[in-house]
Amino acid sequence: MFPLIWIFLTTNTLCVSGTSLVHVPCDDKTVEKLSRLAVTYINEDRTTGYKFALNRITNVQAHQQGPAGKVYYLDLDVLETKCHVLSPKSWKKCAIRPFMETQISGNCNTTVLHTPEGFSYLYSYDCTLVPDPPEKLRLTCPDCPLLLPVDSNEAIAAARTSLLKYNKQSTLPVSLTVNTITRASHQSSPFPASFVEYTVQECSIAAFPEVLCEPGHEGKEPVGFCVGEVLGHSQQDVKVSCEIFRPQVHVVTPTQQGDKFSKTTTHNAHIPHIHKPSFQDVGRVTPQLADPVYQAIPASDSTLPTSSSESTESAESDSSEEAGGSVRAVKPPQNFRYVPRRRRRQIPTSTAPPHSPVFLSIFPSAPSPFRSCPGVSRYTTV
């Protein structure tokens, strides 16, 4: 037994010695933090599908890069959540899809650079996720819905039916239309039902629920994500809920202002009306409080009055007119900031170029010798 362990450790050391790879325990605090950051970076980079949640850390290898820091090769097990990737909600607050809805799981081979200053950069990732086989789901839950193709007639009909109900009940100034169906499923017993999830986009016309409108902004990102249920055949019971990612600014035409202006809500900051006086409105005004900051440009012969702060501005204007412009005092703008002029430092010619990190073209897959790998699962799966 001991010779086999010695041979395994010797072979592992020889394999990683050429690239100076070192295995790191999966329960290391730095590794756990980098793993959570890696999943966050992956979710922010993706534009389609659902957000991933970190389930466990399977394997970790580190490559020391000198002044550039360390390159970590993280093998992470992830699960699909119910949050769309465009949702502003963090993956830590998203619900994991249960096995009754055909759970999707997999792993992500992630490469992260961690600098000595404490910064982390996602270099690359390769995620492979697969759904649970329907045979496995049937053995556990015979009546659970099974996945449908997103372009099937049942999925398209369920999406339109549920969104039509949402448009009738919505108070938005424009209707929403189906952008992309992301998931669909169907069950036959104990009663027929279709379940569909899809992203939505704004229409180019006002809110007319009975009309299937065209997208108003071609090439733009979806504005929301909806989940719909259509139960039964003859007497359908429709349920729908939508999450609007970011409120859009809507332009209401004059014909729609009478009945839609009270329902239109924009999230722009209120801009107060600024009165611009004409030359006839300008008179002799004495401010109550004078700004202590002035930009004074003295001339060769200047006499500044030394009166109280209440009459400083008017006194300076009188003296400047009498002296023929010998002294000029100008108030700085409201956003005035003093920026000192500094000479730009010259880069020494003898400075060595910064160290560039080296990343492996093939993700390392040597098994970890630590007992903490693979780590403990965060979620319970079937």
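Not measured: the values here are computed from a predicted model.

Chemist: Can you lay out the sheet that holds strand S1 (residues 21-23) for me, pointing to particular residues and giving the numbers?
Modeler: Strands sit in the order S1-S2-S3-S4-S5 across an open sheet of five strands; the sheet is antiparallel. The two strands at the open ends of the sheet, each matched to only one other strand, are S1 and strand S5 (120-131). Direction aside, the axes of adjacent strands within the sheet are offset by 30° on average. Pairing of S1 with strand S2 (residues 50-64) involves three bridges; the strand directions are antiparallel. The partner of valine 22 across the bridge, within S2, is alanine 62.

Chemist: Give a description of the side chain of histidine 63 that names residues and reports values.
Modeler: Tracing the backbone through its elements, the reader meets histidine 63 in strand S2. Using a relative accessible area of 10% as the deciding quantity, one classes histidine 63 as buried.

Chemist: So what about the environment of valine 376? Which residues, and what values?
Modeler: Assignment of secondary structure puts valine 376 in the segment after strand S12 (328-330). Relative accessible area serves as the criterion here: at 76%, valine 376 is assigned to the exposed category. Considering only alpha carbons, one finds valine 376 and threonine 58, 318 residues apart in sequence, at a separation of 8.9 Å. The residues contacting valine 376, other than those within four sequence positions of it, are Asn55 and Arg56.

Chemist: Give me the lowdown on the side chain of serine 185, citing residues and values where you can.
Modeler: By the secondary structure assignment, serine 185 is in strand S7 (residues 174-187). Here serine 185 is in contact with Pro145, Leu146, Leu147, Leu148, Ala193, Ser194 and Phe195, once residues within four sequence places are set aside.

Chemist: Go over the environment of glutamine 236 with me, naming the residues and quoting the values.
Modeler: Within the secondary structure, glutamine 236 sits in the loop between strand S9 (224-231) and strand S10 (237-244). When its relative accessible area of 45% is taken as the criterion, glutamine 236 is described as partly exposed. A sequence separation of 43 residues divides glutamine 236 from alanine 193, and the C-alpha atoms of the two residues are 9.2 Å apart.

Chemist: Describe the state of the cysteines, listing the residues and the values that go with them.
Modeler: Put plainly, a disulfide is one covalent bond tying together the sulfur atoms of two cysteines. All told, the structure shown has five disulfides when counted by the stated rule. A disulfide bridge connects cysteine 26 with cysteine 373, and the sulfur atoms are separated by 1.9 Å. Between cysteine 26 and cysteine 373 the disulfide shows an S-S torsion of about 115°. By sign, it is right-handed. Remark: cysteine 373 occurs in the segment after S12 and cysteine 26 occurs in the loop between S1 and helix H2 (29-45); sequence separation between them is 347 residues. Here cysteine 26 matches cysteine 373 in class, with each residue buried. Across the disulfide, cysteine 108 is cross-linked to cysteine 127 (sulfur-sulfur distance 2.0 Å). In this structure, the disulfide formed by cysteine 108 and cysteine 127 twists by about 115° around the S-S bond and is classed as right-handed. Within this pair, whereas cysteine 108 is found in strand S4 (residues 104-114), its partner cysteine 127 is found in strand S5, the two being separated by 19 residues in sequence.

About the cut-offs
Residues numbered from 1 in each chain as written. Predicted model: local features only at pLDDT ≥ 70, side-chain atom pairs only at ≥ 80, totals over all residues. Heavy atoms only, no water. Pairing = 2+ DSSP bridges. Helix = DSSP H or I, 4+ residues; strand = E, 2+ residues; numbered from the N terminus. Axes fitted to C-alpha atoms, helices over the stretch in contact; angles between N-to-C directions. Buried < 20%, exposed > 50% of the residue type's maximum accessible area, 1.4 Å probe, protein only. Contact = heavy atoms within 4.5 Å. Disulfide = S-S within 2.5 Å.

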